[in-house]
Amino acid sequence: MKKFILFLAVCLLPSLLVAKPAALLDGYVHQETAEGKSSYLTGKIMRRQPLDFFVEVLNFPEKKGTYELYVKDLYNMWFNSLEDILRKANRPEFDDLLAALPREVKIRFVSNEVPADLKFVFIPPSEIFEQCGEGVLGCYKNTEGVIFVSEKLTHNPGEVNRVHLHEVGHSLGLADQYYLGRNNNANLNYASAIRDKSIMNAARGSKNVKGITEDDADGLIMAIDLALHNYDRGGEKGWKSLDKKSKQYYIHGRVANSPYSFHLDFRTNSISFAEYGKDWKSVQVKDLKFSKSGQDLFASLPKLEVKETDAQGRPVKEISPQGETVYTSYLYERQRKLFVDKKGLVTRYEENIWDRSPSDVALKIVRSGSADSLDVLIGYFRVLGKKPRVAYDRVAWQEEGDSYFYEAMCFKKTCEDRILREPPDNVKRDSLQETIKQKALFERMQRWFKGKGKIKS
């Protein structure tokens, strides 16, 4: 069965991919703009507040002191590298930032009995899968405040492990830059179209590096300015990317792709929704709850009345025949669609990800199942050789995690299905023999594929 990472952790996958934009995490952007207590570390670092870290080395407890110094090096490298890049750029719009950057991040190491800002756990490479998932080199779990990485160190002076530096970048608010990662966790208004090598892109292996790149520096500056609520760098024109090959400008600290930003939080079964004002300085962030009677998972999208479009003429706000407000966001190979009824409750959340080739088109549709559970349909269309196929997994998402219990595979004319496990009592048991629904899903995904990345309902 094909499984998707559903926003529980941000991980580094061992693939080597081409597109590498700079971006911030959805969760970071919404936490910082909401002006509540942030679980990320950039703001505390820039305010010179000490960080309390607990470092655990499972197999080499006697070397804990060495690993603690190494963790300090990881955090210092992000900020010291940024300082080096800014000094070489010699641009006056960054003079204030140069004066404010810490020469050394204040970190205090505490015992496991003391509340910590971050737990940094070094484990054997063979155990990464258990903690982070299949095909992953390391991960940062924001909700738990923990980083899991390999215990293997080849710590030469002035160098650190690339994977370790990548996970630290997540704790500072930076999003992934490889294909699947950026489509899962990058925020559409804090993401550029820059193409360059960077720490936040996936890397094959875990070789050492001596610092971050100009692309990473763009992301860290966005994170710093957001944490300090500095939206005026460069004035109304904004500031140009530190990558000399890029024409990207960040205006008011961001790329203004859409006044509506939203993402699904499976931990709370809610949608984090941000709406920006016309001046792009004011923003309102709120949590939207799911309706207990959401739309059918297999229902096709209705005809919508367009109310607002983005700079490219794509709909970002529409009205459904039932009077629901429908928001759509676009970023990289991802499209998200959110239906909100007149009571302010979410009746449907849909996410689509498609490959640039395209060789793989995927969707995820979410509706409410009960007060503590969501009903999720994950489908994907893929061509393997000459056999196009579509499959879907029915998922019951509960507090303890995902529970896949239906799987169906549809080929050109027929569908095969199986029960993986019985669904919980609070989830309606649908018949797997409803071939009309399976056919509708199949035909819809075929249209996506034929559109070569242009999603059509």
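Definitions and limits used
- For every chain, the first residue of its written sequence is number 1, and the numbers climb from 1 along that sequence.
- Whole-chain, interface and lining totals are the exception, using all residues; otherwise, since this is a predicted model, local features are given only for residues with pLDDT of at least 70 and side-chain atom pairs are given and counted only at 80 or more.
- Just so you know, side-chain values use all the structure's heavy atoms and leave hydrogens and water out.
- A helix here means a DSSP run of H or I that spans at least four residues, while a strand means a run of E at least two residues long, and both kinds are numbered starting from the N terminus.
- Only protein chains enter the accessibility calculation, which uses a 1.4 Å probe; a residue is then buried when its area is under 20% of its type maximum, exposed when over 50%, and partly exposed in between.
- Contacts: residue pairs with any heavy atoms within 4.5 Å of one another.
- Side-chain atoms alone can form a polar contact between residues adjacent in sequence; in general such a contact is a pair of N or O atoms within 3.5 Å, and within protein one must be able to donate a hydrogen while the other accepts it.
- An expected span of 1.5 Å times one less than the residue number is assigned to each helix.
- Fitting axes to the seven residues ending at a residue and to the seven starting there, one defines the bend at that residue as the angle between these axes.
- Strands pair, by our definition, only if DSSP identifies at least two bridges between them.
- By definition, a salt bridge exists where a carboxyl oxygen of Asp or Glu is found within 4 Å of a side-chain nitrogen of Lys or Arg.
- As a rule, the C-alpha atoms of each element are fitted with a line to give its axis, helices using only the stretch in contact, and angles between N-to-C directions run from 0 to 180 degrees.
- Note on disulfides: each one is a pair of cysteine sulfur atoms within 2.5 Å.
- Here a Phe, Tyr or Trp ring, Trp counted by its six-membered ring, pairs with any other such ring whose centre lies within 6.5 Å, and the pair is stacked when the planes are under 30 degrees apart, edge-to-face when over 60, and tilted otherwise.
- Only lysine NZ and arginine CZ atoms are considered, and such an atom sits over a ring when it is within 6 Å of the ring centre and within 35 degrees of the ring normal.
- Each angle receives one of four descriptions, namely roughly parallel if under 35 degrees, roughly antiparallel if over 145, roughly perpendicular if within 65 to 115, and oblique otherwise.
- The hand of a helix crossing depends on one turn: near helix anticlockwise from the far one by less than a right angle means left-handed, and clockwise means right-handed.

Chemist: In this structure, what is going on with the overall build of the chain? I would like to understand it.
Modeler: Assigned secondary structure in the chain consists of nine helices and 25 strands. Across the 457 residues in the chain, those meeting the buried criterion constitute 55%. If you take every contact in the chain between residues at least 6 apart in sequence, the share linking residues at least 24 apart comes to 62%.

Chemist: Would you explain the side chain of S261 in this entry?
Modeler: Within the fold, S261 resides in strand 13 (residues 260–265). Judged by its relative accessible area of 1%, S261 is buried. For S261, the side chain forms a polar contact with the side chain of N187, separated by 3.0 Å. Excluding residues within four positions of it along the chain, S261 makes contact with D26, H30, N187, L188, N189, S272, F273, A274 and Y276.

Chemist: Teacher, can you tell me more about helix 3 (residues 64–89) here?
Modeler: Every α-helical turn comprises 3.6 residues, leaving residues that sit three or four positions apart pointing alike. With 26 residues, helix 3 ought to run about 38 Å at 1.5 Å a step, and its terminal C-alpha atoms sit 38 Å apart, in line with that. At N76, helix 3 shows its maximal bend, which comes to roughly 30°.

Chemist: Sorry, what's going on with the pairing of strand 9 (residues 186–191) here?
Modeler: Walk down a regular strand and you will see the side chains alternate between the two sheet faces. With six of six residues buried, strand 9 lies mostly within the body of the structure. Summarising the sheet, strand 2 (residues 23–25) and strand 9 pair through two bridges and their orientation is antiparallel. Note on strand 9: the bridge partner recorded for L25 is A186.

Chemist: Looking at this structure, how should I read the environment of C139?
Modeler: Following the sequence through the fold, C139 ends up in strand 6 (residues 138–141). Assessed through its relative accessible area of 0%, C139 is described here as buried. C-alpha of C139 to C-alpha of F129: the two residues are 10 residues apart in sequence and 9.9 Å apart in space.

Chemist: Before we go on, may I ask you to explain the pattern of salt bridges in this structure?
Modeler: Note that side chains of opposite charge can pair when their charged atoms are close. This model, assessed by the stated rule, comprises 15 salt bridges. With its nearest N and O atoms 3.7 Å apart, the salt bridge here joins K119 to E56. Of the two residues, K119 sits in strand 5 (residues 118–123) while E56 sits in strand 3 (residues 51–57), which places them 63 residues apart along the sequence. You can call K119 partly exposed: its relative accessible area is 27%. Here the residues in one salt-bridge network are D26, R336 and E351, joined through shared partners.

Chemist: Looking at this model, I keep getting lost on the sheet that holds strand 13. Mind explaining?
Modeler: What holds strands together in a sheet is hydrogen bonding between their backbones, with the strands either parallel or antiparallel. The strand order 13-14-15 describes an open sheet built from three strands, whose pairing is antiparallel. Bordering the open sheet on either side are strand 13 and strand 15 (283–289), each of which pairs with just one other strand. Between one strand axis and the next, the sheet turns by 20° as a mean value, whatever way the strands run. Alignment of strand 14 (residues 270–276) against strand 15, held across seven bridges, turns out to be antiparallel. What sits directly across from S270, in strand 15, is K289. Helix-sheet contacts for helix 1 (residues 26–33) involve strand 13, strand 14 and strand 15, and the interaxial angle to strand 13 is about 115°.

Chemist: Sorry if this is basic, but what is going on with the state of the cysteines here?
Modeler: A covalent bond bridging the sulfur atoms of two cysteines is what the word disulfide describes. A complete count under the given rule lists one disulfide for this structure. Disulfide partner of C132: C139, at an S-S distance of 2.1 Å. The disulfide joining C132 to C139 has a torsion of about -65° about its S-S bond and is therefore left-handed. The exposure classification of C132 matches that of C139, with both residues buried.

Chemist: Looking at this model, I keep getting lost on the packing of aromatic side chains. Mind explaining?
Modeler: The description of an aromatic ring pair rests on the distance of the ring centres and on the angle between the ring planes. On inspection of all chains with the given rule, the structure shows 13 aromatic pairs. Through pairs of rings, three or more aromatic residues link up here, namely Y260, F262, F273, Y327 and Y349. Between the NZ or CZ atom of K63 and the centre of the ring of F60, over which it lies, the distance is 5.1 Å. The ring of Y330 carries R314 above its face, with NZ or CZ at 4.2 Å from the centroid.

Chemist: How do you make sense of the packing of helix 3 against helix 6 (residues 162–171) when you look at a structure like this?
Modeler: Relative to each other, helix 3 and helix 6 sit at 65°, their axes nearing to 10 Å. When the axes of helix 3 and helix 6 are compared, the pair comes out roughly perpendicular. The two elements helix 3 and helix 6 cross, and the hand of that crossing is right-handed. Judged by residue contacts, Y70, L74, Y75, M77 and W78 of helix 3 engage H164, L165, V168, G169 and S171 from helix 6.

Any functional reading would require information beyond the geometric quantities listed.
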